[in-house]
Amino acid sequence: TSTFPLPPAPPSSTPSLLLTTHTPTSTYGTIIIGGGHAGCEALSSSSTLTETLCITQNLAQVGELSCNPSIGGIGKGHLVREIDALDGVMGKAADLGCCHFRMLNERKGTAVRGPRGQMDRDLYKSAVQNILKEKENLKFLEGAVEDLIIEETGEGKVIRGVITNTGESILSSNVVVTTGTFLGGTLMCGLERYAGGRHLRDSEQVEPPSNALSQTFRKLNFDIGRLKTGTPPRLNGDTIDYDLLEKQGSDPNPIGFDHVRQFKGLRLPMEKDFITCFKTATNEQTHKLCLEYEHLLPKYDGADGDGMGPRYCPSIYKKVQRFPERNGHNCFLEPEGINTNIVYPNGMSGPYPPEIQQKIINSMYGMEKTEIIVPGYDVEYDFINPISLKHTLETKDIAGLYLAGQICGTTGYEEAAAQGVVAGINAGLRARNDDREFIVGRDEGYIGVLVDDLVTKGVSEPYRMFTSRSEYRLSLRADNADLRLTRKGVEFGVVQDPERVDALEERKKEVERGVSELEKFRLFVSEWNEKGGDKMGGTFSASSKKKSVKKSAHEVLRMPHVTLSDIEEIMEVEDPSFTPVSLNSHDTVEATVKYSAYLHRQEKDMDSWRKSQGLLIPPDIVYDRNNFPTLKEEELQLLKKFRPGTLGDANSIQGITPQGLVYLQQFIRKRG
Ligand code: FAD
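Residues numbered from 1 in each chain as written. Predicted model: local features only at pLDDT ≥ 70, side-chain atom pairs only at ≥ 80, totals over all residues.

> Which parts of the structure should I look at to understand the overall build of the protein chain?
For the protein chain, the count of helices and strands is 21 helices and 28 strands. The C-alpha radius of gyration of the protein chain comes to 26 Å, within 12% of the 26 Å expected for a compact globule of 672 residues. Dimensions of the protein chain, computed from C-alpha atoms along their principal axes, come out at roughly 85 × 75 × 55 Å. Out of the 672 residues belonging to the protein chain, those deemed buried represent 50%. (Helix = DSSP H or I, 4+ residues; strand = E, 2+ residues; numbered from the N terminus. Rg over C-alpha atoms; globule rule 2.2 N^0.38 Å. Buried ≥ 20, exposed ≤ 12 C-beta atoms within 10 Å, placed from the backbone.)

Pasting the structure below:
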């Protein structure tokens, strides 16, 4: 059983790869507060553009995976590929730390396939630190920021720097805050509550919360709320009866996340040591325990004591409560790395007292003798409603102050990292007096969907990415993130690696070649099978001319269930000089052809939408009955609250109807 609560831990004795290189009296283009996933990406992109300082509580914890040992998944994997297309850290580090890889939704369409890698926690963290160590303009300081230096000018408030826990003032006109779950953090296990941002990994020691900074944001009148999230217990793998459990193997040809590595045809470095995961499930006994000990769960500050947690990653208690008809929930047993026996039971968060967590774990098949190494716990923390941010993630009220990551109400490493990229680039540009804004459109990437959803709709529960959040998901695929974003990264100065640019150009050519070969090549398609919709076994072949019609390979590939590999098999037989599409462009060629009709229509829709969404809404517009006699009251209130800058922004507000947009557009055009 646990000996909670414990006093805050001193900085970890685990050596960090990052040197403390800040010298007092230095000033910086940008300061990034926090070395989590948002912080690391912000550091990477900002330091490519300007002299940057990272101030973080514990250098050894830079790049730490606080909860699950995995990166990616459906929607999240798309974000990682986009971060990588902009030369971010996460994709590269994930490939280096990967010890098990699966392409989720492999059998579904390319648009919804999600790459997911399981990480060796140590390898991932040291990969992140090694990547950052190579950055020339980047310095580190171990410490906590307690206050912000803000100047009132004739044009409003501007940030001038930060004050640390040692009382040092460090100056910068651009500050990115990425404090994750630490702002006003309270940890909970059973009915015990204790101050903390999170536990040190696999330990009962606590990293201190960021309370002084939380007070600073309150004084500055930001709209602050409380959210919670939880992590399951960690298990001793030597005490799990794996022989009884279903195995979950890794994909045979794992592709990973890093575009440059894929382009070079390199395999994932740890591939030959890949681990196997296992699957068990809860049962009636588990559910009985969850309900029996409900009264020992923490009482939270938010949602009337119930806490506002991630809807799509609920605790085991919430699952049992929400789905009483179900007699089992899956639990995936994921080893935390290659050289450890510690296992993460995915799906089993639930901050019961440690002895109850032990009973719950032991109630499951194959886990009867399993020991908990450290119990799971919840954290409840302050978040700042991202409605107070611009699309650059700069705060609307304080020039030069940016927020990114879990502080903005999101959940997950990938969502945090994606915001870090945006805030880091924009802060870096501002530091160079470059007045361009780095904004990813909703039609350009999931990063754009994420930021746009956050800043226009705000957050009332932890926000997680899904492919269904995008109206352009056929074009925003994990396989084409580089084609969508790398050129933009070059224009804004964050993609400087010549190999990445070469990889992009070569891939573009390869995709064009692949599509054009399919347009030229003609093959016979059996009429019967065409109508029947069957695939192989005579659907199409180059030789069976009887009762067949000739079609281009491009047309045939658009038939349901026909794959590019099927067609290439025939092309190779027919034309010995034919070269198949290279592996790293295979999915992109297939999707480009398969979805061509839809993509064409979508392109037209995007075009007309782009034209109208840019329409500026005058900032002095008065949202009242006088100006908008026919607008619904709810819409009027929403427009008054969010004050969208363009028609596109107005469209993103939940509750604004297409009819409401028409009234607004008519009003703006009439005013001239
Ligand atoms: P973090 O990774 O939390 O990093 C914040 C960084 O800021 C830390 O380095 C910290 O030391 C530093 N910092 C804080 N305050 C200061 C200060 N004042 N001065 C200097 N440095 C400071 N993810 C999921 O996807 N699903 C989950 O269900 C989930 N559950 C979780 C449960 C728990 C208990 C915890 C701790 C994490 C959980 N996570 C979960 C993962 C995680 O919280 C985030 O999704 C992710 O780490 C957010 O990244 P971030 O960069 O915003 O913040």
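Now that the structure has been shown, we can carry on.
> Teacher, can you tell me more about the site of the ligand here?
Around the ligand, a shell composed of 37 residues is seen, among which G34, G36, G180, G405 and G412 lie nearest. Only α1 (37-49), β3 (52-56), β16 (224-231) and α10 (413-431) provide two or more residues apiece to the shell around the ligand. (Near = placed C-beta within 6 Å.)

> How should helix α3 (residues 90-97) be read in this particular structure?
Along an α-helix, residues three or four apart share an orientation, since each turn contains 3.6 residues. Along α3, eight of the eight residues are buried, which leaves the element largely enclosed by surrounding structure. Every buried residue of α3 is listed here: M90, G91, K92, A93, A94, D95, L96 and G97.

> Mind showing me how you'd approach the sheet that holds strand β13 (residues 192-195) here?
The strands that make up a sheet are held in pairs by hydrogen bonds between backbone atoms, and each pair lies either parallel or antiparallel. Strand order in this open sheet of four strands is β13-β12-β23-β16, and the pairing throughout is antiparallel. Looking at strand neighbours, the two that pair on one side only are β13 and β16, the edges of this open sheet. Pairs of neighbouring strands in the sheet enclose a mean axial angle of 25°, with direction left out of account. Taken together, the three bridges between strand β12 (residues 186-189) and strand β23 (residues 377-384) define a ladder with antiparallel strand orientation. What sits directly across from M188, in β23, is D378. (Pairing = 2+ DSSP bridges. Axes fitted to C-alpha atoms, helices over the stretch in contact; angles between N-to-C directions.)

> I tried to follow the sheet that holds strand β22 (residues 372-374) on my own but got confused; where do I start?
The strand order across the open sheet built from six strands is β18-β19-β20-β21-β17-β22, with neighbouring strands paired in antiparallel fashion. The open sheet has two edge strands, β18 (246-248) and β22, and neither has a second partner. Ignoring which end each strand starts from, the neighbouring axes of this sheet average 40° apart. As defined by bridge partners, strand β19 (residues 277-281) adjoins strand β20 (residues 330-335) across four bridges and the pair is classed as antiparallel. By the bridge assignment, A281 is partnered in β20 with N330.

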